[in-house]
2 protein chains.
Amino acid sequence: MQRERGMEALGPGTYRLYGVGIATTAAVVGPKEGRGPLGGYFDRVWPDDEHGQATFEAAELALATEAATVAVERAGLEWEQVEAVLGGDLLDQLITTNFAGRAHGRPLLGVFAACASFTEALGLGACLIAGGGPRTVLAMAASHHYAAERQFRFPTELGYQRLPTASWTATAAGATVLTADVPPGGLIVEAVTFGRVVDYGQKNPNDMGSAMAPAAADTILRHLQATGQRPGDFDRIVTGDLGAVGVPLAAEAARRSGTEIAPVLDDCGLLLYDRDDEDVHNGGSGAGCSAAVFNAYLATRLLGGSWRHLLLAATGALFSPTTYRQGESIPGICHAVEIRRG
Amino acid sequence: MQRERGMEALGPGTYRLYGVGIATTAAVVGPKEGRGPLGGYFDRVWPDDEHGQATFEAAELALATEAATVAVERAGLEWEQVEAVLGGDLLDQLITTNFAGRAHGRPLLGVFAACASFTEALGLGACLIAGGGPRTVLAMAASHHYAAERQFRFPTELGYQRLPTASWTATAAGATVLTADVPPGGLIVEAVTFGRVVDYGQKNPNDMGSAMAPAAADTILRHLQATGQRPGDFDRIVTGDLGAVGVPLAAEAARRSGTEIAPVLDDCGLLLYDRDDEDVHNGGSGAGCSAAVFNAYLATRLLGGSWRHLLLAATGALFSPTTYRQGESIPGICHAVEIRRG
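Now for a look at the structure at hand. These numbers come from a predicted model, not from an experiment.

Calculation rules
- Residues numbered from 1 in each chain as written.
- Chains lettered and ligands numbered in written order.
- Predicted model: local features only at pLDDT ≥ 70, side-chain atom pairs only at ≥ 80, totals over all residues.
- Heavy atoms only, no water.
- Helix = DSSP H or I, 4+ residues; strand = E, 2+ residues; numbered from the N terminus.
- Buried < 20%, exposed > 50% of the residue type's maximum accessible area, 1.4 Å probe, protein only.
- Contact = heavy atoms within 4.5 Å.
- Least-squares fit on C-alpha atoms with pLDDT ≥ 70 in both.
- Core = buried A, V, L, I, M, F, W, Y, C linked by side-chain atoms within 4.5 Å.
- Domains from an automatic or database assignment.
- Pairing = 2+ DSSP bridges.
- Right-handed = clockwise from strand over helix to strand, strands pointing away.

Section: the environment of leucine 128 of chain B
Here is step 1 of the chain: Locating leucine 128 of chain B in the fold gives a position in helix α4 (residues 117-130).
Here is step 2 of the chain: We classify leucine 128 of chain B as buried; its relative accessible area is 2%.
Here is step 3 of the chain: Taking C-alpha positions, leucine 128 of chain B is 20 Å from histidine 104 of chain B, a pair spaced 24 residues apart along the chain.
Here is step 4 of the chain: Leaving out residues up to four positions away in the same chain, leucine 128 of chain B has contacts with Met7, Leu124 and Cys127 of chain A together with Leu86, Leu109, Gly133 and Pro134 of chain B.

Put into structure tokens, the structure is as follows:
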């Protein structure tokens, strides 16, 4: 099915898109993620966290590259046919995304919204296609638990015993091939809402769920209002990594604005691990969390017929070890992408 | 003048844009930048590097916020009328861009291409408008010398004596209000080329000009080829921060491909400082360098009538202190935006 591409502003940051579909998805994860309830959905599960790489950073790069390559090959494409790559990760200066670009050599647009980077990439890529630009775009994001842990957490007051509200950064990567050649019966990107920074003054990096929940509610409510939909119009509204602490807070924030989202609300971070898995506590997080859960589990549920309509609202906590030490709060952001089976 | 918005792919990563103009530009810089040859072009020059802020990071945030605010106010806009902000900076986890978003509260798309972040933001923002999305977008980028210095350079082998090939990260911020209401006789964004990562294996963080020159040549040549133009069709092709070392290398790389760009080639990093100013060496660099030079000097030259047609090709060196210590090379990227006076 071919339909004319187009893009229409429904409100600040919310755009209706026409003529953008999803060609393929792929996700590759580490062993802990493979042991979780979604283990059977991932394309590849690494047997260990390094998988032969010399550093955790090199492992994150290999993980991201593998997910992207599976998505591109599954679409029957050569890399040369990918017109643009949009991607993000958590490492300083976006080194995973940029070094992956060294290998694929395609026009690269690096994005950063912390753990919401995947939906920023997916949403922007979909806008570029809808607007009449590229016809084939790869959106990707990745994180590696041990690369993130040593960059973010050891320099903070966390110490080595993880707090019950702390999240577990996922070793996970996901990639989506977006296309102007919307596949019949496939997934369609219907609309996006780009988030704004919301700050309730939370300063605890061991409780990111609380820090991000207001931003999640803000973006979800803005999306519903701008598109004229109710929560019940979706099979699921799935946040990125609010976790056990953040999901009820986001639902409560929406409820205070008069909208009940709890019945359809779920969270990639809650879906990814068994809750009794060691040290997971609040749930999964990281740029790769929503990327892998969407590109494996959520896309499969949509394509398999049990669901038809999804709002993927990945969430990001905006801080650095420097800002934390300087006493800054941790604002949140949430970018949402609405997807429907055609 | 109103014309229909649109976007057309001319090649991988190169897009012709219709109906996108520049409403206003603004730039704010530190004292060293104010003493340079472009001092009279900047909207504000800070008397000192902190300007009352408690940290260099807070100073960078204040600088970015000031440039953005001047651009928005000059356009006669309230912040609420800005439909999206695209921005980037060099600090870990893009904290300047994200914390600026906390204050303005507009839908925020963080981008990262190191010192090419400004043209990534400008180019992507222009695509969103051309594609039929927002009508008013702010693109911005910033850097602060001392915030960058302590994040990037002190942990490396640089020591304290700066090498002759080292660049000076600018304390500078620039912002552009992009609009679908193209101003009569104003500046038009005609086309963009998004760059690919190019790596010649350079590993010296004190010689970023050499590291980025191949990427600059790659993007400039791709842009010329895809748009069917010659270097002489432009009054200037201006790179971001190749500096004294990188500019001749980029010209030589283009020459080897049969295209002579040297007669129209200039560089924001070379324009920003007096060459005999202490410690500048290779020239200015940083995400704020091209942002401030474009939004002050280059835009003024275009509007003032002496030039009419510019290719702004900001350049970024892709590395982090971690990748440097792990022995990785420093690839480059360059995103180009073509601007014409209407």
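Focus on the relation of the copies chain B and chain A
Here is step 1 of the chain: By a simple turn and slide, chain B fits onto chain A: the slide is 0.0 Å along the axis, the RMSD is 0.0 Å, and the turn is 180°. These values place the two chain copies in the arrangement generated by a two-fold rotation axis. When C-alpha positions in chain B are compared against the rotation axis, the closest is assigned to glycine 131 of chain B, at 1.8 Å.
Here is step 2 of the chain: Looking at the interface residues of chain B, 100% of them are also at the interface in chain A, so both copies use one shared face.

Observations concerning the nonpolar core
Here is step 1 of the chain: In terms of nonpolar packing, the biggest core is built from 245 residues, with Leu17, Leu138 and Leu298 of chain A together with Leu17, Leu138 and Leu298 of chain B touching the most fellow members.
Here is step 2 of the chain: Looking at which domains feed residues into this core, each of domain 1 (6-179) and domain 2 (187-341) of chain B supplies at least three.
Here is step 3 of the chain: Here leucine 298 of chain B is in contact with Val238, Cys268, Leu271, Val293, Trp307, Leu310 and Leu312 of chain B, once residues within four sequence places are set aside.

Focus on the pairing of strand β5 (residues 84-89) of chain A
Successive side chains on a regular strand alternate, one facing one side of the sheet and the next facing the other.
Residues and elements named next belong to chain A.
Here is step 1 of the chain: By the criterion of burial, β5 is predominantly enclosed, with six of the six residues buried.
Here is step 2 of the chain: In this structure, β5 lies alongside strand β7 (residues 136-143), joined through six bridges in parallel fashion. Each residue of the ladder has a partner; that of glycine 88, found in β7, is alanine 141.
Here is step 3 of the chain: Relative to strand β6 (residues 108-110), β5 runs parallel, the two being bridged by three bridges. Residue pairing in the sheet places leucine 86 in a bridge with leucine 109 of β6.
Here is step 4 of the chain: Crossover β5 to β6 through helix α3 (residues 95-104) is right-handed.

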